[in-house]
Each structure stands twice: as C-alpha cells, then as structure tokens.
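# Residue-level structural notes
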Amino acid sequence: MGAVMRLAVLGAGAWGTALAVAMAQRHHVRLWCRDPVQAELMARERHNHRYLPDVVLPEAVRVTANFSEALAGADLALIVTPLAGLGATVAALARERPNLPFLWACKGIDPQRLALPHRIVAESWPASLPPPRAGVLTGPSFALEVARNLPTAMVLAAADAHWAKHWVEQLHQPRLRLYAHDDVVGAEVGGALKNVIAIAAGVADGLGCGLNARAALITRGLAEITRLARALGGRDETLMGLAGMGDLILTTTGQLSRNRRVGLMLATGKPLAEILAELGHVAEGVPTTRAAVALAHRHGIELPIAEAVHRLLFEPEISAEDVLETLLARDPKFERV
C-alpha cells in the first residue's frame, strides 16, 4: 500500500460522505460541504443526518465549508458532486490548485450538452493551463455499504494507464479494492446507462413481471450500454467488467438503488415530479435517459429499453403497462449487441 496522504473530498452528499469515511481508514480527509450550516452540524455531531444518518464520521475526517481550506495541502482531490455540479467544481479547482491531480465520481450524461463527465471536465478546464492529471472513479458501489466498510470493488480509469495504476496503488484498501483501467469512455457510459436500465427493472418488478423478465432486461440492457459505448469510442470488453456488468447488476437488483425505486414507483402510476420529491436524492437515471436517447438518435443506434423508459418518464399519458406491451411486441430477431 502507498503512503498516508491528505485527500480533499469535494461534495458531502451520500457518496462523498461514504468515500470520505472509507478513505479515512488510511488517509487524512477534508470533506468539503457547500452549505456552511450543514458543514457546521456535521463537524459538531459527526453525522451526515441528511444523507447517511447512521454513519459516524471518524476523527480523520475534517468537515469544512471553506473550499480553499479543503484543498490546502491535499495530495489528491475527489470530486463527488452531482453531475450538474461537476463543471463548476472543476473550474474552482483549476483556480485554486491547478496542479492538483483529481478524480471525479459523478455518473451520468449532461442532457443539454450530451456530454459525458470527462468532456465536462475538459470543457471546464481553462485552456491557458496544461491538461489536468485526472480520471474517473466508478463501479458497483452503494454509498451506505462503502461507509459501513463492506467489501466493494471499483474501477479507476484514466487515459494514462500508468497514472491510473499509480493512484490505484495509493488508494487501494482490503475492503475497497480498486482496479486500474484506461477506457474512460466505456467506464463512464457503463456508470451512466445502468441507471436507465435500473428504472426499467424497477418498473418490471413493480408490475410483477418476475425474475425471468428482470434477467432479460439486465442482459439486453447490457447490450444497449455496450452499443452506446462503442458508438462513443469505448471498448466492448470494458462493459464486461465492474464499470459495466458489475454496476448494472447491482443497480438493477439492489434494494438501495434510487433509480430502481423510481421505476417501482412509476409502476404504481405515480407522477414523476411526485416521485422525485419523495425520493429526496438525485436520481441521475432521469436526465441520463433523455441524453441517452438523444445520443442514440445522433449515432443511429437502437436503444429500445432506454426509449421505453424515456416515454414513461416524459410522456404523462403513457402508462407502465403500455410501455411493457411495446417492448414485448417488438419483432423477433437474432440476439446481438
């Protein structure tokens, strides 16, 4: 294992808090929370009552609402905001510590720019500076289980494979196993589209379609994910690993999956706005569905499950039963990706 380091975790939602807790087993961590009131409460009571109320923050985690203080003396930053906050955080990091290496742990596709996280990072980084030393941290990982020190395996992907391997060696832990990868696009597409398929799986479960249907959705969902990754420049084999199949299986079957919960509630006929208000957390699968369908049209590829989810999310007159019947009525064909 590598030496003890100082890490800045930027974002104090469920996932940022969980990573801070996990990394604090070996490293000194400063957890940046944008809201000063929440930061003071977390620092005083050693809990994130809003997102992970049952998890105690170890003493090695220092909570602050001061961005500069969070980055002071850090060896590495982990950006763990929702996707919507990634660009602004990268820009702030470039102003404050332009030479600091960083990872982002955001999943999704920007529905306005149709951009994966790595492109948001590139577009937010000042052209006057050298390119950042950065990569993505992704894979099958529920925040609560990571915070509870349950065994988890993830992928750290960067264009520079040697850089990725170096940080895997620094951050790897017995119960948080990291694997280096160099296919950033494939890793990001896997992390984004699995949320779309998880919504579909939740709908199927909510309608009582059975385990056979869930298995079919997962398998054909993986084909859709691979299809889009290939169109965007990712590699098929990446989707057979943790960033693809692993994350997909977890999110479509796990009881902690927010996106699967969205599907379960859609199956009851509840309106999307009411579902998202009740959820209280970001469900990245909703905006990602819109982006995925737009990218499929742009590249001329078929994503029938994503298209079905899109209709259910954004066409209020369409019912879950209607969408299911549309999928079941598709013409028979050879199985292929």
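In this convention, every chain numbers its residues from 1, walking through the sequence in written order. Residue-level local features of this predicted model are given only where pLDDT is at least 70; pairs of side-chain atoms are given and counted only at 80 or more, and the full residue set underlies all totals for whole chains, interfaces and linings. Excluded from the side-chain calculations are hydrogens and water; all other atoms, namely the structure's heavy atoms, are used.

### A word on the overall build of the chain
- Scanning the chain from N- to C-terminus turns up 15 helices and 10 strands.
- At 20 Å, the chain has a C-alpha radius of gyration in line with the 20 Å of a compact globule built from 337 residues.
- Here the C-alpha coordinates of the chain stretch approximately 60 × 40 × 35 Å along the principal axes.
- Whether a residue is buried, partly exposed or exposed follows from its accessible area with a 1.4 Å probe, protein chains only, as a fraction of its type maximum: under 20%, in between, or over 50%, in that order. Across the 337 residues of the chain, 53% fall into the buried class.
- Should any heavy atoms of two residues lie within 4.5 Å, those residues are considered in contact. Expressed as a percentage of contacts within the chain between residues at least 6 apart in sequence, the contacts between residues at least 24 apart total 70%.
- Calculation of accessible area relied on Shrake-Rupley with a 1.4 Å probe; when residues are assessed, cover is drawn exclusively from the protein chains displayed. Surface exposure of the chain reaches about 14700 Å², of which carbon and sulfur atoms provide 55%. The secondary structure listing takes helices from DSSP runs of H or I that are at least 4 residues long and strands from runs of E that are at least 2 residues long, numbered from the N terminus. In this setup the radius of gyration rests on C-alpha atoms only. A globule is expected at 2.2 Å times the number of residues raised to 0.38.

### Remarks on the pairing of strand β10 (residues 176-181)
- Criterion used throughout: strands pair if DSSP finds at least two bridges between them. As paired elements, strand β9 (residues 152-157) and β10 share six bridges and run parallel to each other. Across the sheet, Ala157 pairs through a bridge with His181, a residue of β10.

### Some details on the environment of Ala291
- Locating Ala291 in the fold gives a position in helix α13 (residues 285-299).
- A residue is classified by how much of its surface remains accessible, and Ala291, at 0% relative accessible area, is buried.
- When sequence neighbours within four positions are dropped, the list of residues in contact with Ala291 reads Ile109, Asp110, Pro111 and Leu114.

### As for the packing of helix α8 (residues 184-206) against helix α11 (residues 258-266)
- Under this scheme, a helix contributes an axis fitted over its contacting stretch, all axes are lines through C-alpha atoms, and angles between N-to-C directions fall in the 0 to 180 degree range. Taken N-terminus to C-terminus, the directions of α8 and α11 make an angle of 40°; their axes are 6 Å apart at the nearest point. Between α8 and α11, the angle is such that the two are oblique. Crossing of α8 against α11: the hand is right-handed. In this structure, α8 uses Asn195, Ala198, Ile199, Gly202, Val203, Asp205 and Gly206 to contact α11, whose residues at the interface are Asn259, Arg260, Val262, Gly263, Leu264 and Leu266.
- Residue polarity follows a fixed list, in which Ala, Val, Leu, Ile, Met, Phe, Trp, Tyr, Cys and Pro are nonpolar, Asp, Glu, Lys and Arg are charged, and the others, Gly among them, are polar. Across the contact of α8 with α11, the residue classes tally to six nonpolar, five polar and two charged. Angle categories: roughly parallel below 35 degrees, roughly antiparallel above 145, roughly perpendicular from 65 to 115, and oblique for all the rest. Put simply, a crossing is left-handed when the front helix is turned counterclockwise from the back one by less than a right angle, and right-handed when it is turned clockwise.

### Thoughts on empty space enclosed by the protein
- A cavity, in this analysis, means grid points on a 1 Å lattice covering only the protein atoms where a 1.4 Å probe fits yet has no way out; a pocket is instead an open set bounded by protein on both sides within 12 Å along at least five of seven lines, and a residue lines either one if it has an atom within 4 Å of a point. Grid points are joined across faces, edges and corners, and a volume is the space filled by probe spheres set on the points. A complete count under the given rule lists one cavity of 30 Å³ or more for this structure.
- The computed volume of the largest cavity comes to approximately 40 Å³.
- Around the largest cavity, the lining residues are Ala22, Gln25, Val146, Asn149, Leu150, Thr152, Arg175 and Leu176.
- Split by residue class, the lining of the largest cavity holds four nonpolar, three polar and one charged.

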